[in-house]
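Observations on chain architecture
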Amino acid sequence: MTVRIWLMIGVGVPVIGILGLLVWASLPGYSQPTGLNRDFKAVAVESRAASAFTLTTMDGRNISLADFKGKIVLIDFWASWCEPCRYEAQLLNDGYNAYSNNNVEFIGINIWDNELSAENFVEEFSVPYANGIDVSGNIAINYGVAGVPEKYFIDQYGYIQKKFRGPISEDILSSTIDEMLSEGSY
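Residues numbered from 1 in each chain as written. Predicted model: local features only at pLDDT ≥ 70, side-chain atom pairs only at ≥ 80, totals over all residues. Heavy atoms only, no water.

Regarding helix α2 (residues 83-99)
Selection rule: A run of H or I in DSSP counts as a helix once it spans at least four residues, and a run of E counts as a strand once it spans at least two, with each numbered from the N terminus. Each residue after the first adds 1.5 Å to the expected span of a helix. Contacts are assigned to residue pairs that have any heavy atoms within 4.5 Å of one another.
Here α2 is 17 residues long and its end C-alpha atoms lie 25 Å apart, about the 24 Å a rise of 1.5 Å per residue gives. Tucked into the core, α2 has its buried residues touching β4 (72-78), β5 (104-110), α3 (115-124), β7 (150-154) and α5 (170-183).

Some remarks on the pattern of salt bridges
Here is the rule: The term salt bridge refers to a side-chain nitrogen of Lys or Arg lying within 4 Å of a carboxyl oxygen of Asp or Glu. Relative accessibility thresholds used throughout: buried, under 20% of the residue-type maximum; exposed, over 50%; partly exposed, between the two (1.4 Å probe, protein chains only).
Taken as a whole and assessed by the stated rule, the structure comprises seven salt bridges. The residue lysine 151 makes a salt bridge to glutamate 88 at a minimum N-O spacing of 2.9 Å. Of this pair, lysine 151 sits in strand β7 while glutamate 88 sits in helix α2, and the two are 63 residues apart along the sequence. Both residues of the pair, lysine 151 and glutamate 88, count as buried. A salt bridge links lysine 162 to glutamate 179; its shortest N-O distance comes to 3.7 Å. Of this pair, lysine 162 sits in strand β8 (residues 159-165) while glutamate 179 sits in helix α5, and the two are 17 residues apart along the sequence.

Some points on the pairing of β8
Threshold: Think of it this way: DSSP has to see at least two bridges between two strands before they count as a pair.
Relative to β8, strand β1 (residues 48-49) is paired through two bridges, and the arrangement is antiparallel. Residue pairing in the sheet places alanine 49 in a bridge with tyrosine 159 of β8. Note: β7 against β8, five bridges, orientation antiparallel. Note that in β8 the partner of isoleucine 154 across the bridge is isoleucine 160. Remark: four residues form the turn of the hairpin made by β7 and β8, two consecutive strands paired antiparallel; glycine 158 in that turn has positive phi of roughly 90°.

Notes on unusual backbone geometry
Between valine 148 and the following residue, proline 149, the backbone shows a cis peptide bond with an omega angle of -10°. Inspection of the secondary structure puts proline 149 in the loop between α4 (138-143) and β7. Look at tryptophan 112: it is not a glycine, yet its phi comes out positive at around 55°. Secondary-structure assignment places tryptophan 112 in the loop between β5 and α3. For tryptophan 112, a relative accessible area of 48% translates into the label partly exposed.

Shown next as structure tokens:
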């Protein structure tokens, strides 16, 4: 009888895991890491004031969203174990380097992870923008984060204008920032 139970567990757990992955991959906003055959689209959001927060960055600075008023801010919720997050790390670095002199700021917020893995990720990908760990989970809760990666684009007045689930493409990143810049008075 014991062998039979272990056999059911040994077969059942992987099957349930595979079924879970298939369901997750079918959800809106999921993209295969290669980005092939996927039409990236923003998640519908009602323009609202972005939730204020203070975050201790991995290099020991304290920053708050209010520090960036007057700038367009991309908030990226990510985790080191997240393959789509790894897929888009260089893209976000390149985007930050391209726009950081144009009143645009990126903030990375690590969630559902451990500190050492998060720090290793930032080091491995030489992430140039501020990154911190949402230790309490309050920032993610206040933004309504459902998974990683998720990106929120906040305008210069502090209002959420766009939200993306899953990794985004270079075209979506640049067209979103360009659109927001053209709407502002920069």
